[in-house]
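One letter stands for each residue in the lines below.
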Amino acid sequence: MAKIADTEENLKKCICTGCPSYNQCMKDKIQELFCARSKTDCELTRNGCLCGACPVASENRLDKMYYCQIGAAE
Amino acid sequence: MSQEMSWKIQKAFRIAKVASGLSLPVNIAFVPNPKPGKTAPFFYVTELYGQIKVVTNELKVFTFADKLLNYEPDYKMPGTGESGVIGIVVHENGDVFASMLYRDEKAFKNRVVKFTTKDGLKAEKAETILDNIPSINAAHQVQALTIREGKLFVNVGDGMIDPEVAQNDNDLRGKILRINLDGSIPQDNPNPKSSIYAKGLRNPFGAAWRKSDNHLYISDNGPAVDDRIAKILPGENYGWPASMRTNSIFVWWYTEAPTGIDFAENQFGLEYKDHLFVALFGYAYVEGKTDKGKKIVEMVIDKRDNVAYLNEFVRYVGEGPASVCGLAFGPDGLYFTDLHGEVGMKKGEKSGGNVWKITKA
């Protein structure tokens, strides 16, 4: 079960869309809050990760990066 | 609530706004030997999206240099809007050095520019002395600049994408560089053929020289955990990406995003002399109170490089997106920028960024 709640509150705090690795495919599919939902099915190039600067990650003491690639926190 | 009331400070101190209407003010650099007269330059401020402002002795603000970015920032904070013109330092002869991002065809790169000026109020010539260092249009770019004994020290972030570059001796990312003021490599560097002075850093935003031991100290931002303060020794390896703790003197496990740092001299009296003041920015953009950052902390570092004392010095308690970004001691107090100010900045709008001064009552 995912550790992070997929809530409107967390979605508002989510910063995935400002990330250098966030791409047009993710935008078109309206994908975000990867740490609560799941990894992207879009082709991903690691262009940097903002997870460490995200309020959702911080409040939930997440210590990994690239949740868009590794999937929801467990 | 007045803007002064938005800052909670200790009873023995006062806070006052000294410059306002700035556009995302980042770092402050004081003129080493300011000239007398109301119109002489007192300090300079970098503005993230492409300007340098100069503030005179009578606290009037002028544009020293503008249009410094050759790309259009996208205003996304946190993220791809966090980069631009960051570091600044002023040489004794009045030359101003600034670090910034530029776009070379499709790639973002780091550079350092030297500005020469006659009156200190307007840059007359800009010369790139260091460039072609790969970067990213986000944090982790080229950061603080300092000058010591005629050499320029340059904090360079790891570029975020490939942290391993911080250990690569042929790559200038994730390093502290030491160069001559014309960009050439000093022969007395740890490796006389390299500008690298220290390696293994991630996102070293702040830097300050400590007079009591003549060493450079830096702030460095960790990934999800482990922000740190480190004392920089020539040729030393600070561990990133394997660890953010290697050779650190203080670590925040719960990250606070340390930005500007500086040591007090006599501005607050003997009681505070040689204490390190650290800006903790926190999240890139959050309105109102938050669980991290938006404060300045005071540290006492003992002779064995242990942090013997840590105390919250200033905290933002207002409702806006302001936080503490750049920080520097001037002759009469501690100055800091609040980046977004009370109102923030959106594309096409003006920012209300400010410079504040804290003095002992």
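Worth saying up front: this structure is predicted, and the values here are computed from it rather than measured.

1. Digging into the overall build of chain B
Then, number 1: Each helix and strand in chain B was counted, giving zero helices and 25 strands.
Then, number 2: A compact globule built from 361 residues should have a C-alpha radius of gyration of about 21 Å, and chain B, at 19 Å, falls within 12% of that.
Then, number 3: Seen through its C-alpha atoms, chain B measures out along the principal axes to roughly 55 × 45 × 40 Å.
Then, number 4: Buried residues in chain B amount to 50% of all 361 residues.
Then, number 5: Across chain B, contacts joining residues at least 24 apart in sequence account for 52% of those joining residues at least 6 apart.

2. A closer look at the overall build of chain A
Then, number 1: Helix and strand counts for chain A come out as four helices and zero strands.
Then, number 2: The helix and strand sequence of chain A, counted from the amino end, reads α-α-α-α.
Then, number 3: Looking at chain A as a whole, 39% of its 74 residues qualify as buried.
Then, number 4: A fraction of 62% describes how many contacts in chain A between residues 6 or more apart in sequence connect residues 24 or more apart.

3. Thoughts on the interface of chain A and chain B
Then, number 1: At the junction of the two partners, chain A supplies 18 residues and chain B supplies 17 residues.
Then, number 2: Taken together, the residues of the side of chain A that touches chain B break down into 10 nonpolar, five polar and three charged.

4. Section: the sheet that holds strand 5 (residues 51-56) of chain B
All names here are of chain B.
Then, number 1: Read across the open sheet, the four strands follow the order 3-4-5-6; overall the sheet is antiparallel. With one partner strand each, in any of the chains shown, strand 3 (25-30) and strand 6 (61-65) form the two edges of the open sheet. Ignoring which end each strand starts from, the neighbouring axes of this sheet average 30° apart.
Then, number 2: Of the strand pairs in this sheet, strand 3 and strand 4 (residues 41-47) are connected by four bridges, and their pairing is antiparallel. Bridging across to strand 4, Ala29 finds its partner in Tyr44.

5. A few points about the sheet that holds strand 14 (residues 196-199) of chain B
Residues and elements named next belong to chain B.
Then, number 1: The strand order across the open sheet formed by four strands is 11-12-13-14, and the pairing between neighbours is antiparallel. Strands with a single pairing partner mark the edges of an open sheet, and in this sheet they are strand 11 (142-148) and strand 14. On average, each strand axis in the sheet is tilted by 20° relative to the strand beside it, whichever way the strands run.
Then, number 2: Sheet analysis places strand 13 (residues 175-180) next to strand 14, joined by three bridges and oriented antiparallel. Across the sheet, Ile176 pairs through a bridge with Ala198, a residue of strand 14.

6. A word on unusual backbone geometry
All names here are of chain B.
Then, number 1: Between Met77 and Pro78 the backbone carries a cis peptide bond, its omega angle lying at 0°.
Then, number 2: By the secondary structure assignment, Pro78 is in the loop between strand 6 and strand 7 (85-90).
Then, number 3: Note that the residue after Trp240, namely Pro241, is joined by a cis bond; omega there is 10°.
Then, number 4: If you trace the backbone, Pro241 turns up in the loop between strand 17 (225-232) and strand 18 (248-254).
Then, number 5: Positive phi, close to 50°, is recorded for Leu24, a residue that is not glycine.

7. Points about the nonpolar core
Then, number 1: With 93 residues, the main nonpolar core has Tyr44(B), Val278(B) and Ile296(B) as its most contacted residues.
Then, number 2: Excluding residues within four positions of it along the chain, Tyr44(B) makes contact with Ala29(B), Ile52(B), Lys53(B), Val54(B), Phe64(B), Ile88(B), Val90(B) and Val96(B).
Then, number 3: Formed by 25 residues, the second largest nonpolar core is a distinct cluster that contains Ala53(A), Tyr67(A), Cys68(A) and Val286(B).

8. Overview of the pairing of strand 19 (residues 258-263) of chain B
All names here are of chain B.
Then, number 1: Most of strand 19 sits inside the fold, with five of its six residues counted as buried.
Then, number 2: Here strand 19 pairs with strand 20 (residues 276-280) via four bridges, running antiparallel. When the bridges of strand 20 are listed, Ile261 appears paired with Val278.

9. What about the environment of Arg228(B)?
Residues and elements named next belong to chain B.
Then, number 1: By the secondary structure assignment, Arg228 is in strand 17.
Then, number 2: Assessed through the 27 C-beta atoms surrounding it within 10 Å, Arg228 is described here as buried.
Then, number 3: The residues contacting Arg228, other than those within four sequence positions of it, are Asp220, Gly222, Met244, Ser248, Phe250 and Val251.

What counts and how
Residues numbered from 1 in each chain as written. Chains lettered and ligands numbered in written order. Predicted model: local features only at pLDDT ≥ 70, side-chain atom pairs only at ≥ 80, totals over all residues. Helix = DSSP H or I, 4+ residues; strand = E, 2+ residues; numbered from the N terminus. Rg over C-alpha atoms; globule rule 2.2 N^0.38 Å. Buried ≥ 20, exposed ≤ 12 C-beta atoms within 10 Å, placed from the backbone. Contact = placed C-beta atoms within 7 Å. Nonpolar A, V, L, I, M, F, W, Y, C, P; charged D, E, K, R; others polar. Pairing = 2+ DSSP bridges. Axes fitted to C-alpha atoms, helices over the stretch in contact; angles between N-to-C directions. Core = buried A, V, L, I, M, F, W, Y, C linked by C-beta atoms within 7 Å.

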